[in-house]
Amino acid sequence: MKKLPQISEAEFEVMKIIWQKAPVSTTEVTDDLTQRTDWSPKTIQTMLKRLVNKNALTYQKNGRVFVYSPLIGENEYLEQKSRSFLHRYFHGDLTALVSSYLDNDQLTDSDIDTLRDLLAKGGK
């Protein structure tokens, strides 16, 4: 498994748009994020540049427009981050993670039923 770049929480918000809409222009990313954050267009452009430098994104220049596409897959990234979280906070013990949610009443009956179904199907 290849090592994926470290992406900040803010950069992850940018990546979610790229994963959802790619190929996507700077303007489209900026329009989306300025509607739901207080980030300036310049801040968003800086994050796009950082993600290119981290090899998380690539771009093509069409005239004066930059169009971005991901170099890493969303599922690949989420899988690695999930695994890292599990190892960092629960020593890789999935049962300890689920138990912590059960102990703190953070799983609804519906969540538990869904987990039972997943386990019965073998996670498929």
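Structure: above.
As a starting point, this report considers the structure included with it. Because the structure is predicted, anything quoted here is derived from the model rather than measured. (Residues numbered from 1 in each chain as written. Predicted model: local features only at pLDDT ≥ 70, side-chain atom pairs only at ≥ 80, totals over all residues. Heavy atoms only, no water.)

### Examining helix α3 (residues 41-53)
Between its first and last C-alpha, α3 extends 18 Å over 13 residues, near the 18 Å set by a 1.5 Å rise per residue. Among the residues of α3, I44, M47, L48, L51 and V52 are the ones counted as buried. Buried residues of α3, viewed axially, fall in a sector of 140°; they line one side. Across α3 from its buried face, at more than 90 degrees, point the exposed residues K42 and N53. Phi turns positive, to about 60°, at N55, one or two residues after α3. (Helix = DSSP H or I, 4+ residues; strand = E, 2+ residues; numbered from the N terminus. Expected span 1.5 Å × (residues − 1). Buried < 20%, exposed > 50% of the residue type's maximum accessible area, 1.4 Å probe, protein only. Arc of directions from axis to C-beta.)

### Regarding the packing of aromatic side chains
Inspection of every chain in the model, using the stated rule, returns seven aromatic pairs. With centroids separated by 6.0 Å and ring planes inclined at 50°, the aromatic side chains of Y59 and Y68 adopt a geometry described as tilted. The partly exposed category is assigned to Y59, whose relative accessible area is 40%. Where F85 meets F90, the ring centres are 6.0 Å apart and the plane angle is 55°; that geometry is what we call tilted. (Phe/Tyr/Trp six-rings, centres within 6.5 Å; stacked < 30°, edge-to-face > 60°.)

### Brief notes about the side chain of Q80
By secondary structure assignment, the location of Q80 is in helix α4 (residues 74-90). A relative accessible area of 18% means that Q80 is categorised as buried. Within the structure, Q80 has its side chain in polar contact with the backbone nitrogen of L4 (distance 3.4 Å). (Polar contact = N/O pair within 3.5 Å; in protein donor to acceptor, adjacent residues only side chain to side chain.)

### Comments concerning the environment of L102
Note on placement: L102 falls in helix α5 (residues 94-103). Between the alpha carbons of L102 and I112 there is a distance of 9.2 Å; along the sequence they are 10 residues apart. Once residues within four sequence positions are removed from consideration, L102 is found in contact with L107 and I112. (Contact = heavy atoms within 4.5 Å.)

### Structural notes on unusual backbone geometry
Cis geometry marks the peptide bond from A22 to P23, where omega comes out at -5°. Residue placement: P23 occurs in the loop between α1 (9-21) and β1 (24-25). One non-glycine residue, N55, adopts positive backbone phi at about 60°. Mapping N55 onto the fold places it in the loop between α3 and β2 (57-62). The backbone of H91 shows a phi angle near 50°, a positive value even though the residue is not glycine. Within the fold, H91 resides in the loop between α4 and α5. For H91, a relative accessible area of 73% puts it in the exposed group.

On their own, these measurements won't tell you what the molecule is for.
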